[in-house]
Structures are given as C-alpha cells and as structure tokens.
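# Observations on the three-dimensional arrangement
So the chains spell out like this:
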Amino acid sequence: MPQPFDHTPVIPVLTIERVEDAIPLATALIEGGLNALEVTLRTPSALGVIEKIARDLPHALVGAGTVLRTADVTAAKNAGAKFLVSPGLTQSLAAAGIASGLPYLPGAVTPSEVMIAREFGFSFLKFFPAKEYGGVAMLKAWAPIFPGIEFCPTGGVSEANAAEYLALPNVPVVGGTWVANAEAIRSGDWAGIRERALRASKLRPP
Ligand code: 3PG
C-alpha cells in the first residue's frame, strides 16, 4: 500500500483532551508545515477531534493512532480518518485495516513481527517504542534484511535525534509527541507548537 507521507519528515502524535483544541492545534501544525496529524485514540474526545479536523480542514491528512481493536478501525474511518496506526498487529486488525481501504501502519518491533506484517501485505510499519527496542541501530540492522520494508519510528524520537533516524534508508518519516505534547496542547501553546512544527518540517538527514 502506498504510504501517504511523502511530503513530511515528521508526523506529530497528538493526545487531545478537548474537541475545541482540535482546530487551533491543527492550524498551528499546518502553518508550521506539518500536514499529517496522528490523533491517538487515547482520550474520549479523540474521535470528535478527528471528525472536526476532517470536516473543517479538508486538506489536512488526519489519521487515528493507538488503533487497538477492529471496532477502532470502523470508528476512526467513520470519523473521517485518512490513515490508521497501531502499536502492534493482530490477525483481525490486519483484516480490518486492509478492508478499510485506508493506509494502515501496523507496529512491529522484532524480525518475526516484521515478517508476519509482510505476509499480511504491509510494507510500511510503525516501530514503537523505538528507543526501547534498539532505535537507530536496530533499524539500520534491518535495512539489508528487509528490503522494501519502511518504518516510522516513534517513542523517544525528538528534535535532537530525528535526523539520525531520517538518515536511514528505511525511514521516510518519524513520529513523536515533542512538537505538541499533552501539556502544550492543554495550555494552548499554539505559538510554541507552530515554532516546533516549523523546525520539524525542515528536518532532514544530517
Ligand atoms: C506514540 O504513540 O507514537 C508515542 O506516544 C510517541 O512517543 P513519544 O512521546 O516518545 O514521542
């Protein structure tokens, strides 16, 4: 399945408590140059946030993260999500993800998990939590054994180390909360978020 993140080096991973924060937050990120937004299904308002961004900012590439059950796939798609991300993969999620017709990034952190995901037809995977599972060194070791498989590392990725990940041939994009963490969103720090997004959107390999 083609990955839809060709034009961005960073996907902000967003945990949003209040639906009213959706538009100012998404606007700050988009103004900062980040158009692909992963809204995690970790709060009761997440689906409402996805719905609002999909409706009011149709050019934003809003997706759902922390997709754990097949019901999440349906709910996210119905809310208007344009891509789906899971921290892992199960047989039923693979089927639901494929049936959704949306770009779907399941998670894998071991060679066997990568191979299972590939058997299901996935070639673009989330690698989470990247830091705990070997970070740059692990993905570097996987590049020659898994040609054609690309990864979006998240978890411990930051402004300081994102370029190291992006320098890997199998990492087209990274994700993380550093651009807009829960506290920045809660306090409505849209200017700070826009600034961090601007810096993130310019991140390139060293
Ligand atoms: C994710 O779901 O990808 C993580 O919560 C991101 O982790 P981070 O806070 O270390 O960026």
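Scroll up to find the structure.
In this report, the structure presented in the accompanying data block is examined. The structure presented is a predicted model; accordingly, all values stated were derived computationally and were not measured. (Residues numbered from 1 in each chain as written. Predicted model: local features only at pLDDT ≥ 70, side-chain atom pairs only at ≥ 80, totals over all residues.)

On to the packing of helix α1 (residues 22–31) against helix α2 (residues 46–56). At a closest axis distance of 9 Å, the pairing of α1 and α2 adopts a crossing angle of 60°. Relative to α2, the element α1 is oriented oblique. In this structure, α1 meets α2 at a crossing whose hand is right-handed. Contact residues: α1 offers A22, I23 and A26, while α2 offers V49, K52, I53 and D56. In terms of residue class, the contact of α1 with α2 is made up of 5 nonpolar, no polar and 2 charged. (Axes fitted to C-alpha atoms, helices over the stretch in contact; angles between N-to-C directions. Helix = DSSP H or I, 4+ residues; strand = E, 2+ residues; numbered from the N terminus. Parallel < 35°, antiparallel > 145°, perpendicular 65-115°, else oblique. Left-handed = near helix turned anticlockwise from the far one by under 90°. Contact = placed C-beta atoms within 7 Å. Nonpolar A, V, L, I, M, F, W, Y, C, P; charged D, E, K, R; others polar.)

Restricting attention to buried positions, one finds in α1 the residues A22, L25, A26, A28, L29 and I30. The secondary structure elements touched by the buried residues of α1 are β1 (10–14), β2 (36–40), α2, α8 (182–186) and α9 (190–201). Just downstream of α1, G33 is the residue with a positive phi angle, here 100°. (Buried ≥ 20, exposed ≤ 12 C-beta atoms within 10 Å, placed from the backbone.)

Counting 65 residues, the largest nonpolar core has L25, L29 and I50 as its most contacted members. Broken down by element, this core gets its largest block of residues, 6 residues, from α1. With sequence-adjacent residues up to four places away left out, L25 is seen in contact with L14, I16, A180, I185, W190 and I193. (Core = buried A, V, L, I, M, F, W, Y, C linked by C-beta atoms within 7 Å.)

This part covers the site of the ligand. As a matter of local geometry, the ligand sits amid V13, T40, G65, F128, T154, G155, G156, V157, G175, G176, T177 and W178. When grouped by side-chain class, the residues that make up the shell around the ligand number 4 nonpolar, 8 polar and no charged. (Near = placed C-beta within 6 Å.)

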